[in-house]
Amino acid sequence: MKKTTALLTAGMLLVLSLTGCGAPANTVFKAEDLEGKTIGAQLGTTGYIFAESEVKDAMVEPYNKGADAVQALKQGKVDAVIIDSEPAKIFVEKNDTLRILDDPFVQEDYAIAYKKGNDELGKKLDDALTKLKNDGTLDEIVKHWIGDEADRVSYTPDSSVSRDNGTLKMATNAEFAPYESMSGDKVVGIDPDIMQAVCDELGMTLEIENMDFDAVLAAVESGKADVGVAGLSVTPDREKSVSFTQGYATSKQVIIVRKD
């Protein structure tokens, strides 16, 4: 009887100790440590592409949302998450068990995607971006969404603009704050604000469609959308299917890991 009780007690202690362990200890302290590890990334993003192509022997787990990859990291299902620096900051602010490594994974420029052959639209977009850069509008938009003084107030369209040049359809994925996210039933953030400012310059009405990230470029290529704006960096593979404007923002992919 005592022996049985002792065995039961030992078994219960073992279960409790295993339950309390939670996620395994972090083993990624620098970019080089990613070799052979399991990495979480949002499907179709630069982080996903570079993790698959640049990290030796890594197993890259695809997720439809960055938030899902972060949750998998917290649960110990992946060893690290590779994601854009600005969304990474938001995720880490909300999860005190996570941290961002000091060394960035890769730096990139974001640009607007448009259908190959539509050079007329491409030139108009580039001209508008150049003007908005030169007059400080782009910097002003970014300040509302990034930094200690960010108030997350959306850009106000110019009511004096005549929008006789039609509608510009923008494909995006509203899972990438502060570049794009949902506020109620509206897509808000840096990218929709920049495109609203671009439409002010072009005399067009902006129409935004939210979709899965890996559907954005397909929508542009097929003509379902005029532009794709979703924190898109220019890569040789993406240039096979769509064209890109000049860059409108510079960002970097970073590595999120568990603190312990």
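The structure we're discussing is the one just above.
As the structure is a computational prediction, the values presented were derived from the model and not from experiment.

Conventions we followed
- Residues numbered from 1 in each chain as written.
- Predicted model: local features only at pLDDT ≥ 70, side-chain atom pairs only at ≥ 80, totals over all residues.
- Heavy atoms only, no water.
- Core = buried A, V, L, I, M, F, W, Y, C linked by side-chain atoms within 4.5 Å.
- Buried < 20%, exposed > 50% of the residue type's maximum accessible area, 1.4 Å probe, protein only.
- Helix = DSSP H or I, 4+ residues; strand = E, 2+ residues; numbered from the N terminus.
- Contact = heavy atoms within 4.5 Å.
- Phe/Tyr/Trp six-rings, centres within 6.5 Å; stacked < 30°, edge-to-face > 60°.
- Pairing = 2+ DSSP bridges.
- Expected span 1.5 Å × (residues − 1).
- Polar contact = N/O pair within 3.5 Å; in protein donor to acceptor, adjacent residues only side chain to side chain.

Caption draft 1: Region of interest: the nonpolar core. Counting residues in each nonpolar core, the largest one holds 29 residues, and the members touching the most others are Ile-112, Leu-125, Ile-194, Met-195, Val-198, Val-227 and Tyr-248. For this core, the element with the most residues is helix α7 (residues 190-202), which contributes seven residues. The contact partners of Ile-194, leaving out residues within four places of it in the chain, are Leu-129, Leu-132, Leu-138, Ile-141 and Tyr-248. The next biggest cluster of nonpolar side chains, apart from the first, holds 15 residues, and it includes Leu-34, Tyr-48, Ile-82 and Val-257.

Caption draft 2: The arrangement of the packing of aromatic side chains in detail. One pass over the full model with this rule turns up three aromatic pairs. Between the aromatic rings of Tyr-110 and Tyr-179, the centroid separation amounts to 5.2 Å while the plane-to-plane angle is 85°, which identifies the pairing as edge-to-face. Remark: Tyr-179 occurs in the loop between β7 (175-176) and β8 (180-183) and Tyr-110 occurs in strand β5 (residues 106-115); sequence separation between them is 69 residues. Both residues of the pair, Tyr-110 and Tyr-179, belong to the buried class.

Caption draft 3: Highlighting the sheet that holds β8. Strand order in the open sheet formed by three strands is β7-β8-β9, and the pairing between neighbours is antiparallel. Only two strands of the sheet have a single partner each, and these edge strands are β7 and β9 (186-188). Bridge count for β8 against β9 is three bridges, and the pairing is antiparallel. Bridge assignment links Met-182 to a residue of β9, and that residue is Val-187.

Caption draft 4: Inspection of α7 at higher detail. Across its 13 residues, α7 extends 18 Å between first and last C-alpha, which sits within 8% of the 18 Å expected from 1.5 Å per residue. Looking only at α7, the buried set comprises Ile-190, Asp-191, Pro-192, Asp-193, Ile-194, Met-195, Gln-196, Ala-197, Val-198, Cys-199, Asp-200 and Leu-202.

Caption draft 5: Spotlight on helix α4 (residues 85-94). A large share of α4 lies buried, amounting to seven of its ten residues. Within α4, the full set of buried residues consists of Ser-85, Glu-86, Pro-87, Ala-88, Ile-90, Phe-91 and Val-92. The elements touched by buried residues of α4 are α3 (66-74), β3 (80-84), β4 (98-100), β7 and β12 (242-258). For α4, the capping residue at the N-terminal end is Asp-84, with a side-chain oxygen 2.9 Å from the backbone nitrogen of Glu-86.

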